[in-house]
Amino acid sequence: TGPNAGTARTPSVSGDYTYRITASNAIGNSSRDVTVNVAAPTLNLTTPVASPASIAYQGGSTANSSLSWTATGTPTPTVTITRIAAPNGAPSFSANIIGAVGSNQTQSVTVRESGTYTYRVTATSTDASLPPVTRDVTVTVGAPINPSIGTFIVNPPYLNSPGTVGYTNGNARLAWTSIAGTGPIALTIDRGVGTVTN
């Protein structure tokens, strides 16, 4: 090579490469060394997080949860997500939900039936010496809840007989609070009252 030049090399295996340049003339020669370090390939994947990870019973409706993760490495990895478990009757899905590159990624997934949905995040390197890294994350949909009644009261709790002092048409007011449970909830009162609302 000439006295002022350059040359390129592309090492294909990680490690240290030492190159020696030698200048020679009729008087003698001189040498200098230079070392290039090629880093080993890396592949890292954080444990995915689901937000929310727990969802109330949805009945016939669907809900979404957002999965997030961080994949890093050299060379840059690719990321895929597959759903590997779900309750019977869960919404249909594609085996490959997303293909993402890089880090700090998120993906929304759809859930409906009660039970546990399991998603597998896989980071893959283009370097064949590194095996894929997988991490699982779950989203749970709660079961339906039986209805409950917080309070049921009557005011006044007693009535005077017709014609007595304080008699006011013989009416008593029934009241209830804190009706809870998986809706819709139907309310009925016996003794001929029937269906009530609110």
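Note that the structure is predicted; figures quoted are calculated from it, not measured.

## Things to note about unusual backbone geometry
No. 1: Following S51, the chain continues into P52 via a peptide bond in cis, with omega recorded as 0°.
No. 2: Among the secondary structure elements, P52 is positioned in the loop between strand 4 (49-51) and strand 5 (54-55).
No. 3: A cis amide bond links N155 with the next residue in sequence, P156, at an omega value of 0°.
No. 4: Phi angles above zero are rare outside glycine, and S178 is one such case at about 55°.
No. 5: Relative to the helices and strands, S178 is located in strand 14 (residues 173-180).
No. 6: The exposure class of S178 is exposed, given its relative accessible area of 55%.
No. 7: Of note in this structure, R191 is not a glycine but carries a positive phi near 60°.
No. 8: Along the chain, R191 turns up in the loop between strand 15 (187-189) and strand 16 (194-196).

## Observations regarding the pattern of salt bridges
No. 1: Taken as a whole and assessed by the stated rule, the structure comprises three salt bridges.
No. 2: One salt bridge connects R120 with D136, and the closest N-O pair in it is separated by 2.8 Å. With R120 in strand 11 (residues 115-124) and D136 in strand 12 (residues 133-141), this residue pair connects regions lying 16 residues apart in the sequence.

## A word on the pairing of strand 2 (residues 29-38)
No. 1: Relative to strand 2, strand 1 (residues 15-24) runs antiparallel, the two being bridged by 10 bridges. Bridged to I21 within strand 2 is R32.
No. 2: Remark: four residues form the turn of the hairpin made by strand 1 and strand 2, two consecutive strands paired antiparallel.

## Quick look at the nonpolar core
No. 1: If you look at the biggest cluster of nonpolar residues, it comprises 21 residues, and the most contacted ones within it are L45, L67, W69, V111, Y117, Y119 and V139.
No. 2: Put simply, the parts of the chain that give this core at least two residues each are strand 3 (42-45), strand 6 (63-69), strand 8 (78-85), strand 10 (105-111), strand 11 and strand 12.
No. 3: Excluding residues within four positions of it along the chain, L45 makes contact with W69, T70, A71, V121, A123, V133, T134 and R135.

## Topic: the pairing of strand 13 (residues 148-155)
No. 1: Counting buried residues along strand 13, only zero of its eight residues qualify, which leaves the element largely exposed.
No. 2: Two strands pair when backbone bridges link them, and strand 13 and strand 14 are joined in this way by seven bridges, in the antiparallel orientation. Paired with I149 across the bridge in strand 14 is I179.

## Some points on the side chain of T122
No. 1: Position of T122 relative to the elements: it lies in strand 11.
No. 2: The exposure class assigned to T122 is buried, which follows from its relative accessible area of 15%.
No. 3: Here T122 is in contact with T78, V79, T80, P132, V133 and T134, once residues within four sequence places are set aside.

## Digging into the confidence of the model for the chain
No. 1: Taken residue by residue, the chain gives an average pLDDT of 85. The fraction at 70 or more is 87%.
No. 2: The weakest mean pLDDT in the chain belongs to strand 9 (residues 98-101) at 59; the strongest belongs to strand 12 at 96.

Calculation rules
Sequence order as written defines the numbering, with residues in each chain counted from 1. Whole-chain, interface and lining totals are the exception, using all residues; otherwise, since this is a predicted model, local features are given only for residues with pLDDT of at least 70 and side-chain atom pairs are given and counted only at 80 or more. Side-chain measures here rest on the full set of heavy atoms in the structure, leaving out hydrogens and waters. Each helix is a run of H or I in the DSSP string that is no shorter than four residues. Each strand is a run of E no shorter than two, and both are numbered from the N terminus. Throughout this description, buried means an accessible area under 20% of the type-specific maximum (1.4 Å probe, protein chains only), exposed means over 50%, and partly exposed covers the range between. Salt bridges are defined as contacts in which a side-chain nitrogen from Lys or Arg sits within 4 Å of a carboxyl oxygen from Asp or Glu. Any two strands are treated as partners once DSSP identifies two or more bridges connecting them. Side-chain atoms within 4.5 Å link the members of a nonpolar core, which is a set of buried Ala, Val, Leu, Ile, Met, Phe, Trp, Tyr and Cys residues. Contacts are assigned to residue pairs that have any heavy atoms within 4.5 Å of one another. Known as pLDDT, the predictor's per-residue confidence is scaled from 0 to 100.

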